[in-house]
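Secondary and tertiary structure notes
In case you want the letters, here they are:
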Amino acid sequence: MTRSEQPSRWFRVQPIGYVRRPDAPEPDPEAFYDPRVETGLEILPRWEDALAGIEEYSHIFVIFWLDRARRARKPRKHVPEGRAGLPEVGLFATRTPRRPNPLGVSAPRLLRREGRTLWVSGIDAWPGTPILDIKGYAPRDDLRQDATVPDWLERLWLAHDAERG
């Protein structure tokens, strides 16, 4: 039996910390959380020593569990954000939180470290969102100069920029 033919397996994950948003003390899964707002990533005490040296990075990758998002149970096509003029695409072509495994990923700017709290800008996670992992962003390995995105995503970004000022 090949790996792709194996029956589904479950994996256990554990949080290493939680998102803190001073602009929104109460989580609201329907709210838009401005990624530009300074956000705290509070790391659990047992993982504080693992932060050694992270403050030397300008950006980090944050992998988090979208714990309040409804899971996608079957593949469907949809229009991103329900916006007219955009094509129907599958969820893997989008950043929708409704996924088979509700993982979020972001590469925010690391502003500073205060003990076991990392202050960042550029993450749109809800307050209280469990953080699963953090990795330093390394342009040599992570930056892809030849990366492209679909035209509809460029149009969506322009709409976002206009709406958010």
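The structure this text deals with has already been given above.
Residues numbered from 1 in each chain as written. Predicted model: local features only at pLDDT ≥ 70, side-chain atom pairs only at ≥ 80, totals over all residues. Heavy atoms only, no water.

Re the pairing of strand β8 (residues 117-121)
- Burial analysis of β8 places 4 of its 5 residues in the buried class, the great majority of the element.
- Across 4 bridges, the pairing between strand β2 (residues 39-43) and β8 is antiparallel. Counterpart to G40 in the pairing with β8 is W119.
- Sheet topology note: the strand β7 (residues 109-114)/β8 ladder contains 5 bridges and is antiparallel. What sits directly across from L110, in β8, is V120. (Buried < 20%, exposed > 50% of the residue type's maximum accessible area, 1.4 Å probe, protein only. Helix = DSSP H or I, 4+ residues; strand = E, 2+ residues; numbered from the N terminus. Pairing = 2+ DSSP bridges.)

Examining the layout of surface pockets
- For the second largest pocket, the calculated volume is near 310 Å³.
- Here the residues of the lining of the second largest pocket sort into 6 nonpolar, 2 polar and 3 charged. (1 Å grid on protein atoms, 1.4 Å probe; cavity = no way out; pocket = protein on both sides within 12 Å on 5 of 7 lines; lining within 4 Å. Points joined across faces, edges and corners; volume = space filled by probe spheres on them. Nonpolar A, V, L, I, M, F, W, Y, C, P; charged D, E, K, R; others polar.)

Things to note about helix α2 (residues 151-164)
- Over its 14 residues, α2 runs 20 Å from end to end, which matches the ideal 20 Å to within 8%, given 1.5 Å per residue.
- Buried residues along α2 sit in contact with β5 (89-90).
- Looking one or two residues beyond α2, the residue adopting positive phi is G165, at roughly 75 degrees. (Expected span 1.5 Å × (residues − 1). Contact = heavy atoms within 4.5 Å.)

Focus on the packing of aromatic side chains
- According to the stated counting rule, one finds 1 aromatic pair in the structure shown.
- Ring geometry for F61 versus Y137: centroids 5.3 Å apart, planes at 55 degrees, classification tilted. One end of the pair, F61, is in strand β3 (residues 60-65); the other, Y137, is in the loop between β9 (130-136) and α1 (139-142), with 76 residues separating them in the sequence.
- Using a relative accessible area of 22% as the deciding quantity, one classes F61 as partly exposed. (Phe/Tyr/Trp six-rings, centres within 6.5 Å; stacked < 30°, edge-to-face > 60°.)

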